[in-house]
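Topology and contacts: notes
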Amino acid sequence: GQQVMQIPQYQHVQEGEDFTTYCNSSTTLSNIQWYKQRPGGHPVFLIQLVKSGEVKKQKRLTFQFGEAKKNSSLHITATQTTDVGTYFCAGRYYGQNFVFGPGTRLSVLP
Amino acid sequence: EPEVTQTPSHQVTQMGQEVILRCVPISNHLYFYWYRQILGQKVEFLVSFYNNEISEKSEIFDDQFSVERPDGSNFTLKIRSTKLEDSAMYFCASSESEGSYGYTFGSGTRLTVV
């Protein structure tokens, strides 16, 4: 089946540093969603990107969808301890349901 | 804020037994989903359900699994003859449209097969 890859698997940052996670697909996606899962919690929807080259911002979070709609990124500026968790992208292939990436686990050291 | 409710939060069952995981989706949502997450791993799609029928299912969702919407509010996942490898967190999710505004996940049921 289709797979969505994510890198890095883990990221440890000092509080105040920036963080980026990347999501890649070998085939074109119709759209992509990003979720955050706190330790012991459930995935919480952050955003959906649909258009080629789309960029959306939510406070310190910037989401980008590649021009070819095969990759996406989530960038967090000036991380805080509340940003700790695993960030999943979920890509949707045309006519199919969303496929989750393996996630990037973010640790923020105070 | 509306929530997706899942019960029980933790279920322990003997291998070979049947379990039913229950979910109450958000009331005005029309699309329902089951996902599972083996400890420390990614979230895996099992099945989607719309208009009282399965709209898509993954390779994981074999004859061992079934879903039902027995009434206007509940959405259930039945796992027949559980195996050790069925141990995982099972998440129910719902969405208003076909995912356009994201899925709302429940808190999950942790299934442990012993």
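The coordinates are above.
The following paragraphs examine the structure supplied in this document. Remember, predicted model here, so these are calculated numbers, not experimental data.

Conventions and cut-offs
- Residues numbered from 1 in each chain as written.
- Chains lettered and ligands numbered in written order.
- Predicted model: local features only at pLDDT ≥ 70, side-chain atom pairs only at ≥ 80, totals over all residues.
- Heavy atoms only, no water.
- Helix = DSSP H or I, 4+ residues; strand = E, 2+ residues; numbered from the N terminus.
- Rg over C-alpha atoms; globule rule 2.2 N^0.38 Å.
- Buried < 20%, exposed > 50% of the residue type's maximum accessible area, 1.4 Å probe, protein only.
- Contact = heavy atoms within 4.5 Å.
- Areas by Shrake-Rupley, 256 points an atom, 1.4 Å probe, with all protein chains shown as cover.
- Pairing = 2+ DSSP bridges.
- Salt bridge = Lys/Arg side-chain N within 4 Å of Asp/Glu carboxyl O.
- Buried area = accessible area lost by both parts, 1.4 Å probe.
- Polar contact = N/O pair within 3.5 Å; in protein donor to acceptor, adjacent residues only side chain to side chain.

Some details on the overall build of chain B
Along its length, chain B carries zero helices and 11 strands. Helices and strands appear in chain B in the N-to-C order β-β-β-β-β-β-β-β-β-β-β. On C-alpha atoms alone, chain B measures out to a radius of gyration of 13 Å, which is about the 13 Å that the 2.2 N^0.38 rule sets for 114 residues. Principal-axis analysis of the C-alpha atoms gives chain B an extent of 35 × 25 × 25 Å. Across the 114 residues that make up chain B, the buried fraction comes to 45%. In chain B, once contacts between residues fewer than 6 apart in sequence are set aside, the share between residues at least 24 apart is 54%. Carbon and sulfur atoms make up 45% of the accessible area of chain B, which amounts to about 5800 Å² in all.

Quick notes on the pairing of strand S11 (residues 109-113) of chain B
All names here are of chain B. Taking every second residue as pointing to the same face, the buried face of S11 carries Thr-109, Leu-111 and Val-113, while none of Arg-110 and Thr-112 on the other face is buried. Two elements, strand S9 (residues 88-95) and S11, share three bridges in a ladder whose sense is antiparallel. By the bridge assignment for S11, Tyr-90 is matched with Thr-109.

Thoughts on the pattern of salt bridges
Residues and elements named next belong to chain B. In the structure shown here, the tally under the stated rule is three salt bridges over all chains. Its salt-bridge partner being Arg-36, residue Glu-44 comes within 3.1 Å of it at the nearest N-O pair. By relative accessible area, Arg-36 is classed as buried at 11%.

Observations regarding the interface of chain B and chain A
Contacts between the two partners involve 20 residues from chain B and, on the opposite side, 18 residues from chain A. Of the roughly 1500 Å² buried between chain B and chain A on both sides combined, carbon and sulfur atoms contribute 47%. When the buried area of chain B at its contact with chain A is split by residue, Lys42(B), Tyr103(B) and Phe105(B) rank highest and sum to 33% of it. The tally of links between chain B and chain A comes to zero salt bridges.

Describing the environment of Val50(A)
All names here are of chain A. Inspection of the secondary structure assignment puts Val-50 in the loop between strand S5 (44-49) and strand S6 (55-58). Along the chain, Val-50 and Gln-2 lie 48 residues apart, while their C-alpha atoms are 18 Å from each other. Beyond its immediate stretch of four places on either side in the chain, Val-50 contacts Ser-30, Asn-31, Phe-65 and Lys-69.

Observations regarding the side chain of Thr79(A)
All names here are of chain A. Turning to its location among the elements, Thr-79 is positioned in the loop between strand S8 (71-76) and strand S9 (85-92). Among the polar contacts made by the side chain of Thr-79, one reaches the main-chain carbonyl oxygen of Gln-14 at a distance of 3.5 Å. Every residue in contact with Thr-79, bar those within four places of it in the chain, is listed here: Val-13, Gln-14, Glu-15, Gly-16, Glu-17, Asp-18, Phe-19, Arg-60 and Val-108.

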